[in-house]
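Per-entry structural report
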Amino acid sequence: MKILGIIFDGNLKWTPNLKQLKSSCKNKMNVIKTLSHHTRGANQKPLLSIYKSLILSKIKYGSQIYNTAKPNLLKILDPIHNEGIRLAIGAFRTSSTDSILNYAGELPLQLQRDQDTLAYITKRKSTTNRIGYKAIFDNHAASPINMEHKKKPLDASKSEHGVGFAVVKDDTIIQHKLPEITSIFSAENYAIFEGVKLANTLETNDILLISDSLSTLLAFKNTSPRNEITSNIQACLVQSKKNIVFMWVPSHTGIIGNEKADKHAEQATQTILNPTINNISSIDIKNSINQKILSSWQNYWNSITLSNKLKNIKKTIKKMEHFPKSQPTPRHCNHPQQNRTLFPHSLVPNQ
């Protein structure tokens, strides 16, 4: 049974789908072979882009589903990926697969499938109204503030000790520690979110929230923010009956309330042992996934012996800078040493 281009077999072993996918990609590989001709072919950068759009995109389509196939079965797609990268960068047929992928800065297929699967799960986390959310996740809920209306300082901090934030209102101090993978942007968002929730509990109707994170405040103008904490703040503001106003102040300039919040935010990262808020934004999870995938690839590259020639000169998986491919000499050139015709066993001057 074929649904949206993916072949489902009775036992969900994905054998027919993977074999059909391999056959389709092999036919399209002829385009890459033609464009990568050693004398009149394209440069490496456009070739990689063509390979990714023409073949790799087809391989990755539905990979979150068929990634459950047996590892040995999934490996039938590896030669397609390796050949496409090899042709794009102009490597020899005898070149090591590990070296080809490392030189091009392209992840092995299995790591790409794992990355796409985890990215899909992360995306579903931020769309609780989609049908895939309940199938993956449990259903649990997920600088200074100042005013003549009523004052409240809040701030966030990220250091080698961890990530934390603090909200200060007069003598009341609210401190929280966040998971280590939380970005400073998300931490500032959490600080403002806690400030908004605290503002809604006050008797006064006019509240001024002061933050030293301009990027966080500007994100509120976005109608479709990437960070769901920003979305939660927007929803909370819409439902609030308070007159909540935001103001930006520069950090570390001696403003008393701001400095106090900054001090307590730094203390939160050091004095609180475990995170008091475990909810992590999808974009932070995605960034962490990408770092873990690259770290896994780097560890594999470190395990390769020095008999690999590229390993002797390239210790990391960072993509190498490609030099443009030299252009062929025009056939109408009159220079006697360049105007030649290739015959089976000799180079004969073309008179």
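Residues numbered from 1 in each chain as written. Predicted model: local features only at pLDDT ≥ 70, side-chain atom pairs only at ≥ 80, totals over all residues. Heavy atoms only, no water.

**Topic: the pairing of strand S4 (residues 162-169)**
A regular strand places its side chains so that they alternate between the two faces of the sheet. Here S4 lies mainly inside the structure; eight of its eight residues are buried. Across the two faces of S4 the burial is the same, with Gly-162, Gly-164, Ala-166 and Val-168 and Val-163, Phe-165, Val-167 and Lys-169 all buried. Sheet analysis places S4 next to strand S5 (residues 172-178), joined by seven bridges and oriented antiparallel. Residue pairing across strands places Ala-166 opposite Gln-175, the latter belonging to S5. What sits between S4 and S5 in their antiparallel hairpin is a turn of two residues, with Asp-170 showing a positive phi close to 55°. (Buried < 20%, exposed > 50% of the residue type's maximum accessible area, 1.4 Å probe, protein only. Helix = DSSP H or I, 4+ residues; strand = E, 2+ residues; numbered from the N terminus. Pairing = 2+ DSSP bridges.)

**So, the packing of helix H1 (residues 15-35) against helix H5 (residues 78-89)**
The interhelical angle for the contact between H1 and H5, taken along N-to-C directions, is 5°, at an axis separation of 10 Å. Considering the angle they form, H1 stands roughly parallel to H5. On H5, the residues touching Lys-22, Cys-25, Lys-26, Met-29, Ile-32 and Lys-33 of H1 are Ile-80, Glu-83, Gly-84 and Leu-87. Residues belonging to the contact of H1 with H5 are distributed by class as follows: five nonpolar, one polar and four charged. (Axes fitted to C-alpha atoms, helices over the stretch in contact; angles between N-to-C directions. Parallel < 35°, antiparallel > 145°, perpendicular 65-115°, else oblique. Contact = heavy atoms within 4.5 Å. Nonpolar A, V, L, I, M, F, W, Y, C, P; charged D, E, K, R; others polar.)

**Details of the nonpolar core**
Leu-18, Tyr-51, Ile-55, Ile-59, Tyr-66, Leu-77 and Ile-85 are the most contacted members of the largest nonpolar core, which totals 36 residues. For this core, the secondary-structure elements that each account for two or more residues are H1, helix H2 (44-60), helix H4 (71-74), H5, helix H6 (97-104), helix H7 (109-125) and helix H13 (282-303). Excluding its chain neighbours within four sequence positions, the residues that come into contact with Tyr-51 are Ile-32, Leu-56, Ile-59, Ile-80, His-81, Gly-84 and Ile-85. Judged by nonpolar contacts, the second largest core, of 12 residues, contains Leu-217, Phe-220, Cys-236 and Ile-244. (Core = buried A, V, L, I, M, F, W, Y, C linked by side-chain atoms within 4.5 Å.)

**Points about the confidence of the model for the protein**
Predicted confidence across the protein gives a mean pLDDT of 78, with 79% of residues reaching 70 or more. For the protein, the element scoring lowest by mean pLDDT is strand S8 (residues 340-342), at 37; H5 scores highest, at 92. Considering only residues more than four positions removed or in separate chains, one finds that residues 139-151, a stretch of pLDDT under 50, has 57 contacts. The low-confidence segment residues 323-351, where pLDDT is below 50, has 27 contacts with residues more than four positions distant or belonging to other chains. (pLDDT = per-residue confidence, 0-100.)

**Examining the packing of aromatic side chains**
Evaluation of the coordinates by the stated rule reveals two aromatic pairs. Judged by centre distance (5.2 Å) and plane angle (50°), the rings of Phe-220 and Phe-246 are tilted. Of this pair, Phe-220 sits in the loop between helix H10 (214-218) and helix H11 (228-239) while Phe-246 sits in strand S7 (residues 243-248), placing them 26 residues apart in sequence. Its relative accessible area of 16% is what places Phe-220 among the buried residues. Since its relative accessible area comes to 26%, Phe-246 is described here as partly exposed. (Phe/Tyr/Trp six-rings, centres within 6.5 Å; stacked < 30°, edge-to-face > 60°.)

**What about the side chain of Lys-314?**
Structurally, the position occupied by Lys-314 is in the loop between helix H14 (309-313) and S8. Of the polar contacts made by the side chain of Lys-314, one reaches the backbone oxygen of Lys-318; its length is 2.6 Å. (Polar contact = N/O pair within 3.5 Å; in protein donor to acceptor, adjacent residues only side chain to side chain.)

**Focus: the environment of Ile-80**
Tracing the backbone through its elements, the reader meets Ile-80 in helix H5. Residue class for Ile-80 comes out buried when judged on its relative accessible area of 3%. In contact with Ile-80, other than residues within four places in its own chain, are Lys-22, Cys-25, Lys-26, Met-29, Tyr-51, Ile-55 and Ile-59.

**Observations concerning the packing of H2 against H5**
One way to put it is that H2 packs onto H5 with a least axis distance of 8 Å and a crossing angle of 165°. Put simply, H2 runs roughly antiparallel to H5. In the packing of H2 onto H5, the handedness of the crossing is right-handed. Between H2, through Gln-44, Leu-47, Leu-48, Tyr-51, Ile-55, Leu-56 and Ile-59, and H5, the contact on the second element is made entirely by Ile-80, His-81, Gly-84, Ile-85, Leu-87, Ala-88 and Ile-89. (Left-handed = near helix turned anticlockwise from the far one by under 90°.)

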